[in-house]
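# Secondary and tertiary structure notes
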Amino acid sequence: MAINAETLDQLQGEPGWLRNVRRKALESYERLPAPSKTDEEWRRTDVSGLDPNKFSKLEHLDGQKLILPEALPKGVILMPLRQAAQDHPDLVEPRLFSLVHADRDRFAALHAALFTGGTFLYVPDGVVVEQPIIGQHFSHEAGTSVLPHTLIVAGRGARFDYLDEYIAENEDEAGYRTGSAEIFVGEGAQVGYVAVQKWGRNTWHLADQRAELQKDSTLRLFNVTLGGRFSKSRVEASLAGEGANAELKAIYLASGQQFFDFHTLQDHRVGNTRSDLLFKGALQDVARTVYAGLIRIEKHAARSDAYQANRNLVLSDKAKATSIPMLEIDNNDVRCTHGATVGPVDPEHLFYLRSRGIPEPTAKRMLIQGFFGDVLDRIPFEHARKLVEAELEARIG
Amino acid sequence: MADFEIKDLRASVEGRQILKGVSLAINKGEVHAVMGPNGSGKSTLSHTLMGHPGYTVDGGEVRFKGQNVLELEPDERARLGMFLALQYPVVVPGISMANFLRTALNAHRGYDGKDKSKMVTPKEFRSLLKDELEVLHMDDSFLSRYINDGFSGGEKKRAEILQMAVLKPEIAILDETDSGLDIDSIKFVAEEVNRMRGPNLGVLIITHYTRVLEFIKPDFVHVLVDGKFVLSGGPEVADRLEKTGYSEWGKEEAAQPQEVA
C-alpha cells in the first residue's frame, strides 16, 4: 500500500496543529526527489533499494516504554510525544521539527509525517534529575515502519541523563526504522544523552539527532549503532551560546553486510564554544561504513575549540571504512584538530598478547574491546555504560 | 638431549638472512647469556624463538618438550612454557594490565570460558601478584593502567618481569631487559629473576652489555657475531668482553655502557 494522505489515518486523536505538521511534511515527502548520487552527502550511500511504500503500516503508535526514576522532581514532564502534543502544545509545537527540519530531505519529511512513538521530556529551570531516564522503543513486526521521535527540553541549569534504546524483538525482521532526537539545552544546563540503536539486521534505519546548546551549557551525546542492514545517522550540534560545550561520541560495530553512514556537524555559531567529537568503529566481514564530519566555525565565533576524530578498526580484508573529515573555518582565532584513521589490528599488539599464551581469537577480541575502551569511558552515565559494554561483549563474543 | 635445544637455526627478516646457523642447548636450572654487538642477530634470535610473524625461519629446529616449537603458534609456545621479555614492550591502549595478566594466566591453565574450576579466582590472582609487585617495587595502580601505557622505560621492563613471575615459564628469554634501565631498576629486575632461578627454569639473557650479568650471574656465556656464535664458555667470557669489547671480531663496540663521567 502506497504512502499517502490515508496513511495518516492510522494516527488518530491528535490535535489539529500536529495534523497540519504531518500533512505539510507529507507534502514535502511527495515533492522532494529521492537523494541523488551526485549529492555529496549521498554519493556513497545507496538508497535506491528503499521503497517506503512497502512499510506503510505504522507500528507501535505510542510504542515506548518509559523507565522512570522512582520519583520525578516537581515540574518535570515525561510522556509519549503524541500525548504531549495534546497536553502541552505550548511547549511542543514551537520546538517540534525546529532542529530536525521536516523538509531537509525526503526521509526527514517522511519521518516527520509519520513519526509514531517517542518521548517528550521537559525539565524546568534549575531542576536536577539524579537517576537516568530511559525510553525503550520496540519493534515487534516485520514489514512495518517504526518511527520514534524524542523531544528533550532542558531548562536553565537543569541537569539530567536520558537514554533512548531501540530494540528489535526479532533480529532478522525487515522494516523501516528511525530514531530521531531534538535536544534543546538551556543556559547552564548539563545533559547526557545516549542512543543505542539495535534494530533488526534487515532494516532500513535513518535518524537525525540534533542539539542546540545555549550559553555555558554542556551536552554529552553518545551514539551507539549496532543494528540495521542500512543505517544513516546525522549527529549535529549547534553551539548557540558562549561557553557551550558539546561532546559527541559514537561507537559502531558493523558486521555481515551492514552498511553504516554517519554525518556529523559541529556548528560553532558563536565564540568561546567547544566541541569534541570522537567516532570509533569496528568492521567485520563485508561491512562498509562511511563517516563524513564537518566542523563549521562561523565568522564571529572566535576562541572556539573544535576537535574531531574518526577511528576505524578494519578486521577483514573485505570490509571497507571511508572517512571524510571536513573543516569550514571563517575565523582565525580558533583551535581545531581533525583526523581519521582506518586500519587493521596492529600485528605487534596481537603478537604481544599471543606471546603471553593468549589464543588468537581471544587476543583479537581483547584488542577490539580495547580499541573501544577510551570512548566507552566517555559514556555519560553508568547505566548506559554497562548496557553498551554488555552489548559489545555479546557481539564481539 | 637438553631440555631446550636450538639446532642450526637460520632465520631472515625481509629476505635478508640474519641468523646463519645458531645452536644452543639450555637445561632447566641454567642461565645462559647471549652477548653480541648491534646487528649481530640478538633480537632476531629472541623473536624467532617466540614466533614473531615478521621473522622467517629458513632452517633448523628448536626442540622443547618433545616438540619442534618452530611449528607452533606463538601462543602455543607460551603455553608450552616459553616466555619472551621484550626489549621494547608494546603499549596496548584500552586493555588493563590486570585483564591482560588474568587472561594470560587463564590461558596457561587451559581455561576457555567453560570449565570455571580452571579459572583463576580474584582472590588467588591478588595473592599471586602481591609478593611479585613488592619485589619489583611496583604498586597496585599498575594493574588498573592500560598495558604499558604511560609507563617509563624502567616500569615497562619491570612489568615484563612481573608477567614472567606470574606465568612461571620453564624457558625465559630476556631480550635486552637491561637496556635503557637505571641501576635501581636493573637491581629489582635481577632480584626477581634470581628469585625465580632454580631447577624449574632455564634462562636465556640476551644483552649487549655485561653490566646485567653482575646481578644475574650466568652459567654460560655465548658471543653472537654476524648471526653465528663465535665463542662460548663460562662466566669468564663476559669478563673478557668487559675488557676488550667486541674488537676481537672486528666490531669497535664496547661491552659496557659508556658512562658519562
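One can find the structure itself at the top, above this paragraph.
Residues numbered from 1 in each chain as written. Chains lettered and ligands numbered in written order. Predicted model: local features only at pLDDT ≥ 70, side-chain atom pairs only at ≥ 80, totals over all residues. Heavy atoms only, no water.

## Looking at the packing of aromatic side chains
Residue and element names in this part refer to chain A. The test is simple: Ring pairs shown here join Phe, Tyr and Trp side chains whose ring centres sit within 6.5 Å, with only the six-membered ring taken for Trp; geometry is labelled stacked below 30 degrees between planes, edge-to-face above 60, and tilted in between. Working definition: helices are DSSP H or I runs of at least four residues, strands are E runs of at least two. Numbering for both runs from the N terminus. Only protein chains enter the area calculation, which uses a 1.4 Å probe; residues under 20% of their type maximum are buried, those over 50% are exposed, and those in between are partly exposed. The criterion is that NZ of a Lys, or CZ of an Arg, lies within 6 Å of the ring centre and within 35 degrees of the ring normal, and then a charge sits over that ring.
Counted by the stated rule, this structure contains 14 aromatic pairs over all chains. Look at Y162 and Y193: their rings are 6.0 Å apart centre to centre, the planes differ by 0 degrees, and that puts the pair in the stacked class. Of this pair, Y162 sits in strand β7 (residues 159-168) while Y193 is found in strand β10 (residues 190-198), placing the two residues 31 residues apart along the sequence. Here Y162 and Y193 have matching classes, each one buried. Arranged with centres 6.3 Å apart and planes meeting at 80 degrees, the rings of F260 and F262 form a pair that is edge-to-face. The pair F260 / F262 is uniform in exposure class, with both members buried. Members of the aromatic cluster, joined through ring pairs, are Y252, F260, F262, F279 and Y291. One residue, K232, lies across the ring of W42, its end atom 4.6 Å from the ring centre. Its end group placed over the ring of F371, K280 keeps NZ or CZ at 4.6 Å from the ring centre.

## Some words on the interface of chain A and chain B
The following threshold applies: Contact criterion: two residues are considered in contact whenever any of their non-hydrogen atoms come within 4.5 Å of each other. When two parts are put together, the accessible area they lose, computed with a 1.4 Å probe and summed over both, is reported as buried area. The term salt bridge refers to a side-chain nitrogen of Lys or Arg lying within 4 Å of a carboxyl oxygen of Asp or Glu. Contacts described as polar in this section are N or O atom pairs within 3.5 Å, which, within protein, must combine one atom able to donate a hydrogen with one able to accept it, while residues neighboring in sequence count only if both atoms come from side chains. Each residue is assigned to one class: nonpolar for Ala, Val, Leu, Ile, Met, Phe, Trp, Tyr, Cys and Pro, charged for Asp, Glu, Lys and Arg, and polar for all the others, Gly among them.
Taken together, the contact between chain A and chain B spans 19 residues of the former and 33 residues of the latter. Of the roughly 2,000 Å² buried where chain A meets chain B, counting both sides, 67% is carbon and sulfur surface. Its largest share of buried area at the contact with chain B, chain A owes to F351, Y352 and R356 of chain A, together 40% of the area lost on that side. Linking chain A with chain B are 3 salt bridges, by the criterion used here. For D75 of chain B, the salt bridge identified is with R354 of chain A, shortest N-O distance 2.7 Å. Scanning the region where chain A abuts chain B turns up 13 residue pairs in polar contact (both at pLDDT 80 or more). Of all elements in the fold, only α5 (347-354) and α6 (360-376) of chain A reach the threshold of two or more residues within the side of chain A that touches chain B. Residue contributions to the side of chain A that touches chain B peak at 7 residues, all from α6 of chain A. Looking at the side of chain A that touches chain B residue by residue, the classes come out as 7 nonpolar, 6 polar and 6 charged.

## A closer look at the sheet that holds strand β1 (residues 4-13) of chain B
All names here are of chain B. The condition is simple: A strand pair is defined by DSSP finding two or more bridges across the two strands. All axes here are fitted lines through C-alpha atoms, helices being fitted over the stretch that makes contact, and every angle between N-to-C directions spans 0 to 180 degrees.
Read across the sheet, 4 strands follow the order β2-β1-β4-β5 without closing on themselves; strand pairing throughout is antiparallel. Edge positions in the sheet fall to β2 (16-26) and β5 (67-68), since each of these pairs with one other strand and no more. Strand direction decides the pairing type here: strand β4 (residues 56-64) and β5, joined by 2 bridges, are antiparallel. Residue pairing for β5: F64 is matched across the bridge by Q67. Lying on the sheet, helix α1 (residues 42-50) is in contact with β1, β2 and β4; it crosses β1 at an angle near 110 degrees.

## Description of helix α3 (residues 97-108) of chain B
Residues and elements named next belong to chain B. As a reminder of what qualifies: To estimate the expected span of a helix, count its residues, drop one, and scale the result by 1.5 Å.
If you check α3, its first and last C-alpha atoms are 16 Å apart, about what 12 residues at 1.5 Å a residue would give, namely 16 Å. In terms of residue burial, α3 counts as a mostly covered element, since 9 of its 12 residues are buried. Of the positions making up α3, those classed as buried are M97, A98, F100, L101, T103, A104, L105, N106 and A107. In the stretch just after α3, G110 is the one whose phi turns positive, near 80 degrees.

## Observations regarding the pattern of salt bridges
Summed over the entire model, instances satisfying the criterion amount to 50 salt bridges over all chains. We note a salt bridge from R385 of chain A to E382 of chain A, for which the minimum N-O separation is 2.7 Å. A residue pair is termed a helical-turn pair when its members lie 3 or 4 positions apart in one helix, as R385 of chain A and E382 of chain A do in helix α7 (residues 382-396) at 3 residues. Assessed through its relative accessible area of 41%, E382 of chain A is described here as partly exposed. The closest approach of N and O atoms between K7 of chain B and E61 of chain B, which form a salt bridge, is 3.8 Å. Of the two residues, K7 of chain B is situated in strand β1 and E61 of chain B in strand β4; the sequence distance between them amounts to 54 residues. Of the residues examined, K7 of chain B reaches a relative accessible area of 30% and is grouped as partly exposed.

## Comments concerning the packing of α6 of chain A against α7 of chain A
Residues and elements named next belong to chain A. Heads up, the condition is: Should an angle lie under 35 degrees it is considered roughly parallel, over 145 roughly antiparallel, and from 65 to 115 roughly perpendicular; all remaining angles are considered oblique. Crossing handedness is defined as follows: a turn of the near helix away from the far one that is anticlockwise and smaller than a right angle gives a left-handed crossing, while the clockwise case is right-handed.
For the pair α6 and α7, the least separation of the axes is 11 Å and the interaxial angle reads 160 degrees. Regarding the angle of α6 to α7, the classification is roughly antiparallel. Once α6 is placed against α7, the crossing between them reads as right-handed. Listed contacts from α7 to R365, I368, Q369, F372 and L376 of α6 are R385, V388, E389, L392, E393 and I396. Split by residue class, the contact of α6 with α7 holds 6 nonpolar, 1 polar and 4 charged.

## Concerning the pairing of β7 of chain A
The side chains of a regular strand alternate, first on one face of the sheet and then on the other. Residues and elements named next belong to chain A. When you tally the buried positions in β7, you get 9 out of 10 residues, the bulk of the element. Pairing of strand β4 (residues 133-139) with β7, which is carried by 7 bridges, proceeds in the parallel orientation. Of the residues in β7, the one forming a bridge with S139 is A168. Relative to β10, β7 runs parallel, the two sharing 9 bridges. Across the sheet, the residue bridging to E165 is V196, located in β10.

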